[in-house]
Amino acid sequence: MRYLILSILVYLLSYSSFSQYWGPATPFPGATLDLSGTFQNCTNSNTPYIGALCEYNGDLFVGGNFTSIGGLVSHGIARWNGTSWNSLGNGNFLQTCVYDIVNFNGKLYFTSDKLYEWNGSTLTDFTFFNTEYQQTLPVGGSDLHVYNNELYIVGNALTHGGILKFNGTNFSQIGDAQLSINCLDDFNNNLFAGTDQGLFKYQNGSWIDCNGTISSTPIISDIEQFNNELFVSGVFTSIGGLSTNNLAKYNGTNWSSLNFVNGYSPTGGGSLRKLNNELYFANTSPVIPQGVVSCPLIKYNGTQWIGISSNAFYGGMTSIIYNNKLYVGGNFNYIQQQNNTPVNVQGFAKLDGSLEIEENNLDYFELYPNPVNTTLTINTKFGNNKLNYFILNSFGEIVQTGKLTNEKTNINIDLMSGVYFLKIGDQVKKISILK
């Protein structure tokens with residue numbers, strides 16, 4: 001009994017030692033908003049937030065609703081190089097908000113009241129000549145997407161269909177379908193739109209309704225391709241004849257629901273983003289998958305939703321991996337750290353210790369084959385000590401565990417392709433899984 005209790009204690013300590021906590025992303029202060037100047041607040045919101053993240057030329061570009069960040073005056077958009085903040089030399093850009101940022105054709109584009117281009121030194125804005133109205137209109141929007149070597153700009157009400165595309169030189173308009181379009185993604189060589197009327201596919205110049213049987217009109221706020229399916233978030237209780245919880249997935253023909261195991265669900269909206277072969281979901285409302293604490297960001301590994309952190313807060317809007325660290329932006333102000341101390345982060349947080357697991361030089365065991373497909377052999381050099389083994393992902397989260405049974409132990413690997421770490425005792429070795 002004493003041995004059993006000791007084994008359980010060691011097992012639990014092993015788990016807790018890999019807990020991840022959100023902390024300040026950069027030096028305080030975070031995003032702040034001062035509307036006393038000549039800025040034009042295009043969100044009509046007095047709350048600062050970070051809603052867009054993009055890496056470009058080695059810097060992390062941060063967009064949202066703010067007039068300064070990290071103590072630097074920079075309205076709507078700024079760049080972080082891992083050490084310090086810099087502005088874009090915004091010039092006549094007097095908006096406080098930026099909706100989306102993308103890297104296209106070696107330049108950075110972001111959307112606010114207009115579409116703006118940053119080539120590393122100069123900021124340029126764009127207009128569009130609308131043939132229907134015979135007048136020049138600003139190119140504004142809420143979402144940007146690169147597809148077939150063109151940049152799509154979504155959400156400009158002045159263009160009716162809500163979509164312009166830019167080939168690097170000229171603009172053109174597609175999809176005059178009177179749809180209120182919120183987002184775009186490509187899937188199965190087609191363009192899909194999330195709209196206030198549900199999910200639609202653009203094919204042969206027409207929009208095709210993909211909603212199927214519904215009890216009320218779905219509002220789709222974001223879509224993302226993952227594992228050969230299109231994941232959809234928004235505000236909807238049914239889609240494709242299924243009862244849903246504001247999340248669902250679509251394989252091009254049929255819908256599947258994505259209910260959390262313990263019954264919790266997001267409350268509308270949310271941002272989906274594929275990072276490191278996993279799907280990340282940022283939601284402004286509390287999301288509590290599988291009984292863990294409420295999280296601003298959770299992830300889906302193809303089988304289940306996983307809470308990322310051990311400290312509770314919510315208000316996530318976007319996420320990115322930059323310099324091997326996981327960042328989340330949103331409309332949160334404070335987070336509770338490991339010692340229960342509240343820390344002011346103002347819309348921008350980083351996962352402490354993320355992606356920092358390293359191999360060590362100890363030589364207690366060997367493993368093969370590496371890379372591995374389905375079966376990994378662990379050969380201990382000091383006999384069978386009945387030790388626990390742990391397989392961790394790059395965030396330090398335990399994704400598979402068990403006990404060594406013999407001097408040579410074969411374990412079945414049921415994980416997605418990627419880089420992982422095998423930990424036995426105090427030794428850590430890197431393994432690659434190829435499916």
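Our subject is the structure that appears above.
Being a predicted model, the structure only gives us computed values, none of them experimental. (Residues numbered from 1 in each chain as written. Predicted model: local features only at pLDDT ≥ 70, side-chain atom pairs only at ≥ 80, totals over all residues. Heavy atoms only, no water.)

The number of helices and strands found in the protein chain is 1 helix and 44 strands. Counting over 435 residues, the protein chain shows a buried share of 51%. Residue pairs in contact within the protein chain that sit at least 24 positions apart in sequence constitute 49% of those at least 6 positions apart. In the form shown here, the protein chain has an accessible surface area of approximately 19,300 Å², with 46% of it arising from carbon and sulfur atoms. (Helix = DSSP H or I, 4+ residues; strand = E, 2+ residues; numbered from the N terminus. Buried < 20%, exposed > 50% of the residue type's maximum accessible area, 1.4 Å probe, protein only. Contact = heavy atoms within 4.5 Å. Areas by Shrake-Rupley, 256 points an atom, 1.4 Å probe, with all protein chains shown as cover.)

Here we come to the sheet that holds strand S43 (residues 418-424). Here we have 4 strands laid out as an open sheet, ordered S41-S40-S43-S44, and antiparallel in their pairing. Only two strands of the sheet have a single neighbouring strand rather than two, namely strand S41 (398-403) and strand S44 (427-433). Direction aside, neighbouring strands of the sheet carry axes that sit 25 degrees apart on average. Sheet topology places strand S40 (residues 388-392) next to S41; 5 bridges connect them, and they run antiparallel. What sits directly across from Phe390, in S41, is Thr401. (Pairing = 2+ DSSP bridges. Axes fitted to C-alpha atoms, helices over the stretch in contact; angles between N-to-C directions.)

This structure, assessed with the given rule, holds 21 aromatic pairs. Ring geometry for Phe128 and Phe171: centres 6.5 Å apart, planes at 70 degrees, overall edge-to-face. Of this pair, Phe128 sits in strand S13 (residues 127-130) while Phe171 is found in strand S18 (residues 171-174), placing the two residues 43 residues apart along the sequence. Ring centres 4.8 Å apart and planes at 55 degrees place the aromatic pair Tyr202 and Trp207 in the tilted group. Among the aromatic residues, those joined into a ring-pair cluster are Phe104, Tyr109, Phe126, Phe128, Phe166 and Phe171. Across the ring face of Phe365, the terminal group of Lys429 is positioned such that the distance to the ring centre comes to 5.0 Å. (Phe/Tyr/Trp six-rings, centres within 6.5 Å; stacked < 30°, edge-to-face > 60°. Lys NZ or Arg CZ within 6 Å of the ring centre and 35° of its normal.)

Examined against the element boundaries, Gln346 turns out to sit in the loop between strand S36 (342-344) and strand S37 (348-352). Setting aside residues up to four positions removed in sequence, Gln346 forms contacts with Phe28, Pro29, Gly30, Ala31, Thr32, Phe332 and Asn333.

Moving on, we get to the sheet that holds strand S11 (residues 115-118). Either a parallel or an antiparallel arrangement is found when strands of a sheet pair, and the pairing is made through backbone hydrogen bonds. Read across the open sheet, the 4 strands follow the order S9-S10-S11-S12; overall the sheet is antiparallel. Every interior strand has two partners, whereas the edge strands, strand S9 (100-104) and strand S12 (123-125), have only one. With direction set aside, neighbouring strand axes in the sheet form an average angle of 25 degrees. When S11 meets S12, the two strands line up antiparallel, connected through 3 bridges. For Glu117, the partnering residue across the bridge sits in S12 and is Thr124.

Here the focus is the pairing of strand S34 (residues 325-330). Taken residue by residue, a regular strand's side chains alternate between the two faces of the sheet. Counted residue by residue, S34 has 6 buried out of 6 residues, so it is predominantly covered. Here S34 shows a buried face lined by Lys325, Tyr327 and Gly329 and a second buried face lined by Leu326, Val328 and Gly330. Sheet topology places strand S33 (residues 316-322) next to S34; 6 bridges connect them, and they run antiparallel. Among the inter-strand pairings, Ser319 is bridged to a residue of S34, identified as Val328. Hairpin remark: S33 followed by S34, antiparallel, with 2 residues in the connecting loop; positive phi at Asn323, about 50 degrees. Sheet topology note: the S34/S37 ladder contains 3 bridges and is antiparallel. Among the inter-strand pairings, Gly329 is bridged to a residue of S37, identified as Phe348.

Any functional reading would require information that these geometric values do not contain.
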